[in-house]
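Chain by chain, the residues run as shown.
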2 protein chains.
Amino acid sequence: MNKSAAPASPAAPGPSPFRNAQQREADRASKRDAVLLAAVHLFNQRGFHATSLDDVAASLGVSKPLIYHYLGGKDQVLFECMRIGLQQLREAADEVARQPGTGMDRLKRFLRRYAECIMEDFSRCVIRTGDETLSPEIRPQFRALKSEIDHAMRKLIAEAAADGSAKVTDVKLTAFAFAGALSWTARWHEPGGALQPAEIAEQMVEILTRGISP
Amino acid sequence: MNKSAAPASPAAPGPSPFRNAQQREADRASKRDAVLLAAVHLFNQRGFHATSLDDVAASLGVSKPLIYHYLGGKDQVLFECMRIGLQQLREAADEVARQPGTGMDRLKRFLRRYAECIMEDFSRCVIRTGDETLSPEIRPQFRALKSEIDHAMRKLIAEAAADGSAKVTDVKLTAFAFAGALSWTARWHEPGGALQPAEIAEQMVEILTRGISP
DNA sequence: CGTGCCATTTACTCAAGAGTAAATAGTATA
DNA sequence: TATACTATTTACTCTTGAGTAAATGGCACG
């Protein structure tokens, strides 16, 4: 009984349930993010095609059309996940670009961050879900973003070679080798496994860069 | 006119159109292979989910039920493709296991063969198509085969470390790094590109193994 | 020769799941 | 208070593509 009880204090000490425009926008953004997070979890776990939007909605306790409300179709959802993943990788590159140190130091720092990203949700999704999954209309956008990161890595390798802190014969192939080795963690590393991502990243970078020390 | 002309020579010098049991079986096998080859091409090009069995059938100029006749459902087709791909990798491992040389020599040989396989149709498909795509019933089989290859690589690395031809701190991680770098070619290398697979394999192996030379 | 198997096709069924229309209710703001 | 907007749901539609039943016709072999 007494289902709709009156509030204890009329002065309302807690946050008001009435939101202003800013708060509503923040609300919306956080709900959007929640959808993306739920989606990326399922995508990584079961694969994109084995995950229906109904599944994503159900995992949040809401209904499918709500996802359309926040994000539009399934392709959009995937692309947003990938965009976030790529953005994180890109931020790693930008951050390192601003830091001091020998080329090799900076390369190592980047590779470590790269590996760590790949073992987190969104960048993981970038690797696990091939670009052929994206609709042909947005695929070029994805490729462009991806390419930026590839080139950032090449640049760091080239700089390390230039300042003598590394010895490299083929920059492009080296970049592919490094990116491949690190990206592959998205396939074999299980989140919550015995080995911590940071350790894996550390050791992996060691293994890879030992080959290009002068 | 003269549509159904009589054969030029009654003695039939060419192969007879009438097949015996063995020939029919060979026929059947070669048709089965043709289906798998057509399928793996499309899977690699467009992705498994974007390829319908109708597409595969059409690319061969036959009808879908014929594929069911030779191979059973779509899952079977994919698994067969992957089985072939894994078998090729496994043969590479077995071959190297029988050869002489230092551990490092043999490891290098294996890595080169591994990379070359990955840039061919079937092994390429193994990498491009994640195991989550397989139905839960056959996935364990796939994993088991995959695991054999992983362990073969680890064994070679361990042997190279044991005979002093390589210096390795963590065998497992090293194997993952190598497998990742080489597997990644399935993602970026386009068949018929400027660089030959053999060259790529050669250089890639060089880049990777330089890091574990003593 | 006729009987039955094998290859192959046509013409279907059926389910899943993406996407949508329209209703409902709560909240903000004039 | 009236009005308009936002969040959210229910209850659909429609397409795609996997898988199947059944018919056809040739070839082999008794």
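Refer to the structure above for everything that follows.
Residues numbered from 1 in each chain as written. Chains lettered and ligands numbered in written order. Predicted model: local features only at pLDDT ≥ 70, side-chain atom pairs only at ≥ 80, totals over all residues. Heavy atoms only, no water.

1. What about the relation of the copies chain B and chain A?
Going by this rule: Here the copies are matched by least squares. The fit uses the C-alpha atoms of residues with pLDDT of at least 70 in both.
Relative to chain A, chain B is turned by 180° and slid 0.0 Å along the rotation axis, the superposed coordinates differing by an RMSD of 0.0 Å. Such a combination of rotation and displacement between the chain copies is what one expects of a two-fold axis. If distances are taken from each C-alpha of chain B to the rotation axis, the shortest is found for Gly 211 of chain B, at 1.7 Å.

2. Here's the deal with a nonpolar patch on the surface
Residue and element names in this part refer to chain A. Selection rule: Distance thresholds for patches are 9 Å for like charges and 5 Å for nonpolar side chains (Val, Leu, Ile, Met, Phe, Trp, Tyr), applied to residues having over 30% relative accessible area and no salt bridge. Per-residue and other accessible areas follow the Shrake-Rupley method at a 1.4 Å probe size, with only the shown protein chains counted as cover for residues. Salt bridges are defined as contacts in which a side-chain nitrogen from Lys or Arg sits within 4 Å of a carboxyl oxygen from Asp or Glu. Helix and strand assignments follow DSSP, with helices taken as H or I runs no shorter than four residues and strands as E runs no shorter than two, numbered in order from the N terminus. Each residue's exposure class comes from its accessible area (1.4 Å probe, protein chains only) as a fraction of the maximum for that residue type: buried when under 20%, exposed when over 50%, partly exposed otherwise.
Taken together, the side chains of Leu 60, Val 62 and Leu 66 present a nonpolar region at the surface, about 190 Å² in accessible area. Positionally, Leu 66 belongs in helix H3 (residues 64-71). Residue classification places Leu 66 among the partly exposed positions, given a relative accessible area of 34%.

3. Here we look at the packing of aromatic side chains
This is how it is decided: Ring geometry is summarised as follows: Phe, Tyr and Trp rings, the Trp one being its six-membered ring, pair when their centres sit within 6.5 Å, and such pairs are stacked at plane angles under 30 degrees, edge-to-face over 60 and tilted between the two. Put simply, a charge is over a ring when the Lys NZ or the Arg CZ is close to the ring centre, within 6 Å, and near the line of the ring normal, within 35 degrees.
According to the stated counting rule, one finds six aromatic pairs over all chains in the structure shown. Ring centres of Phe 176 of chain A and Trp 188 of chain B lie 3.9 Å apart, and the angle between their planes is 5°; on these two criteria the pair is classed as stacked. Linking Phe 176 of chain A in helix H8 (residues 171-183) with Trp 188 of chain B in helix H9 (residues 185-188), this pair reaches from one chain into another. One cation-aromatic arrangement involves Arg 154 of chain A over Phe 176 of chain A; the distance from NZ or CZ to the ring centre is 5.6 Å. When the ring centre of Phe 48 of chain B is taken as origin, the NZ or CZ atom of Lys 74 of chain B, which lies over that ring, is 4.2 Å away.

4. Points about the packing of H8 of chain A against helix H10 (residues 197-210) of chain B
Rules: Under this scheme, a helix contributes an axis fitted over its contacting stretch, all axes are lines through C-alpha atoms, and angles between N-to-C directions fall in the 0 to 180 degree range. Convention used here: angles under 35 degrees read as roughly parallel, angles over 145 as roughly antiparallel, angles from 65 to 115 as roughly perpendicular, and any remaining angle as oblique. For any helix crossing, the convention is left-handed if the near helix is rotated counterclockwise from the far helix by under a right angle, and right-handed if that rotation is clockwise. We call two residues contacting when some pair of their heavy atoms lies within 4.5 Å. Gly is put with the polar residues, along with every residue not named as nonpolar or charged; the nonpolar set is Ala, Val, Leu, Ile, Met, Phe, Trp, Tyr, Cys and Pro, and the charged set is Asp, Glu, Lys and Arg.
Between H8 of chain A and H10 of chain B, the least distance of the axes is 10 Å, while the angle of their chain directions is 70°. Classified by the interaxial angle, the pair formed by H8 of chain A and H10 of chain B is roughly perpendicular. Taken as a pair, H8 of chain A and H10 of chain B cross one another with a handedness that is right-handed. When H8 of chain A is examined against H10 of chain B, the residues Leu 173, Thr 174, Phe 176 and Ala 177 of chain A are found in contact with a partner set consisting of Ile 200, Gln 203, Met 204 and Ile 207 of chain B. Here the contact of H8 of chain A with H10 of chain B is composed, by residue class, of six nonpolar, two polar and no charged.

5. So, the environment of Asp 163 of chain B
By secondary structure assignment, the location of Asp 163 of chain B is in the loop between helix H7 (139-162) and helix H8 (171-183). The contact partners of Asp 163 of chain B, leaving out residues within four places of it in the chain, are Thr 102 and Gly 103 of chain B.

6. Digging into the environment of Leu 208 of chain A
Take Leu 208 of chain A: it is sitting in helix H10 (residues 197-210). Remark: the alpha-carbon pair of Leu 208 of chain A and Leu 111 of chain A, spanning 97 residues in sequence, is separated by 9.5 Å.

7. Examining H10 of chain A
Going by this rule: Given a helix with a known number of residues, its expected span is that number minus one, times 1.5 Å.
With 14 residues, H10 of chain A should reach 20 Å at 1.5 Å per residue; the first-to-last C-alpha distance of 20 Å fits that figure. For H10 of chain A, the complete set of buried residues consists of Ile 200, Ala 201, Met 204, Val 205, Ile 207, Leu 208 and Thr 209 of chain A.

8. Notes on the pattern of salt bridges
Between side chains of opposite charge, pairing is possible as soon as their charged atoms come close. With the rule as written, the count across this model stands at 26 salt bridges over all chains. When the shortest N-O distance is used, the salt bridge between Glu 132 of chain B and Arg 187 of chain A registers 3.3 Å. Residue Glu 132 of chain B is located in the loop between helix H6 (121-128) and H7, and its partner Arg 187 of chain A is located in helix H9 (residues 185-188); the two belong to separate chains. For Arg 187 of chain A, a relative accessible area of 24% gives the class partly exposed. Through salt bridges with shared partners, a single network forms among Arg 32, Glu 80 and Arg 83 of chain A.

Keep in mind that these numbers describe shape and distance, not what the molecule does.
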